[in-house]
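If you want the building blocks of each chain, they are given just below.
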Amino acid sequence: MRETGGLRFAPARALGRLTFWLALAGISTLLVAILLTCADIVWRQLVGGAFTDTADINKLCLVAAASLSIPYGFTLGSHITVDLLADRFPRRARIVLDVTVSIVSAALLAFLVWLTWQGAMLRYAYGDTTPNLQIPLIYYWGIFLLGLALGALAALARAAETIVYGPMEKPL
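Residues numbered from 1 in each chain as written. Predicted model: local features only at pLDDT ≥ 70, side-chain atom pairs only at ≥ 80, totals over all residues. Heavy atoms only, no water.

A short note on the overall build of the chain
When helices and strands are counted, the chain shows four helices and zero strands. Across the chain, helices and strands are ordered from the amino to the carboxyl terminus as α-α-α-α. The burial tally for the chain puts 35% of its 172 residues in the buried class. Long-range pairs, those at least 24 residues apart, make up 74% of the contacts in the chain with a sequence separation of at least 6. Of the accessible surface of the chain, which amounts to about 10400 Å², a share of 71% is contributed by carbon and sulfur atoms. (Helix = DSSP H or I, 4+ residues; strand = E, 2+ residues; numbered from the N terminus. Buried < 20%, exposed > 50% of the residue type's maximum accessible area, 1.4 Å probe, protein only. Contact = heavy atoms within 4.5 Å. Areas by Shrake-Rupley, 256 points an atom, 1.4 Å probe, with all protein chains shown as cover.)

Comments concerning the nonpolar core
Core analysis: the largest hydrophobic core is formed by 14 residues, its most contacted members being Leu15, Phe74 and Leu109. Only α1 (10–47), α2 (54–76), α3 (91–126) and α4 (137–165) provide two or more residues apiece to this core. Per element, the largest residue contribution to this core is six residues, and it comes from α4. (Core = buried A, V, L, I, M, F, W, Y, C linked by side-chain atoms within 4.5 Å.)

Thoughts on the packing of α2 against α4
Helix packing for two helices is described by the angle between their axes and how far apart those axes are. Between α2 and α4, the least distance of the axes is 7 Å, while the angle of their chain directions is 5°. Classified by the angle their axes make, α2 and α4 are roughly parallel. Residues Asp56, Lys59, Leu60, Val63, Ala64, Ser67, Leu68, Pro71, Phe74, Thr75 and Leu76 of α2 touch α4, and the partners they reach there are Tyr139, Tyr140, Ile143, Phe144, Leu146, Gly147, Leu150, Gly151, Ala154, Ala155 and Arg158. (Axes fitted to C-alpha atoms, helices over the stretch in contact; angles between N-to-C directions. Parallel < 35°, antiparallel > 145°, perpendicular 65-115°, else oblique.)

Notes on the pattern of salt bridges
Enumeration according to the criterion identifies two salt bridges in this entry. Two residues, arginine 44 and aspartate 40, come together in a salt bridge whose shortest N-O distance is 3.2 Å. Of this pair, arginine 44 and aspartate 40 both sit in helix α1, four residues apart, which is roughly one turn of that helix. Classification of arginine 44 by relative accessible area gives partly exposed; the value is 45%. For arginine 123, the salt bridge is made with aspartate 128, and the minimal N-O distance between the two is 3.9 Å. (Salt bridge = Lys/Arg side-chain N within 4 Å of Asp/Glu carboxyl O.)

A closer look at the side chain of threonine 19
Locating threonine 19 in the fold gives a position in helix α1. Overall, the relative accessible area of 1% leaves threonine 19 in the buried class. Excluding residues within four positions of it along the chain, threonine 19 makes contact with Leu68, Pro71, Tyr72 and Thr75.

Some words on unusual backbone geometry
Residues other than glycine seldom take positive phi values, yet glutamine 134 does so here, at roughly 60°. Mapped onto the secondary structure, glutamine 134 falls in the loop between α3 and α4.

Topic: α3
The terminal C-alpha atoms of α3 lie 52 Å apart, and with 36 residues this matches the ideal 52 Å at 1.5 Å per residue to within 8%. Listed as buried for α3 are Ile95, Val99, Ser102, Ser105, Ala106, Leu109, Thr116, Gly119 and Ala120. On the buried face of α3, the contacting elements are α2 and α4. Downstream of α3 by a residue or two, glycine 127 has a phi angle that is positive, lying close to 70°. (Expected span 1.5 Å × (residues − 1).)

Structure (structure tokens):
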């Protein structure tokens, strides 16, 4: 059940599974960045030269790690919250508060998708690439867009889950 974030609503469960596996993929890209950086350091010490611009690949890996992991945080409801007062509210008030926060989060992420889409299309139209490896910048922007869009969907799924089943237990 951890893989789906404890979600019970069928569409939310499916999205929970997707975000779980994408988060694992994102963390895997972080491992690639770490290993590449370590190999570059060892290579510099042993041979005296450096790999050709590991920064381009590391940036792509970091964008993927963050963008693919954040939607799973929304699925789990593990984003930052301040529960000093909310835990003392009646159940119905907590439901309204949780749903409102999820919908506002989804709206903000949808707005960011719209803004990011414009920037991505500009990079695509110009054919922008990284300086050394010539990696098209649209890859970075596309991964970021995917993360934002999935985050918005996960926030909406969280709202639907809360409406149907009530507030969920917070993960420890």
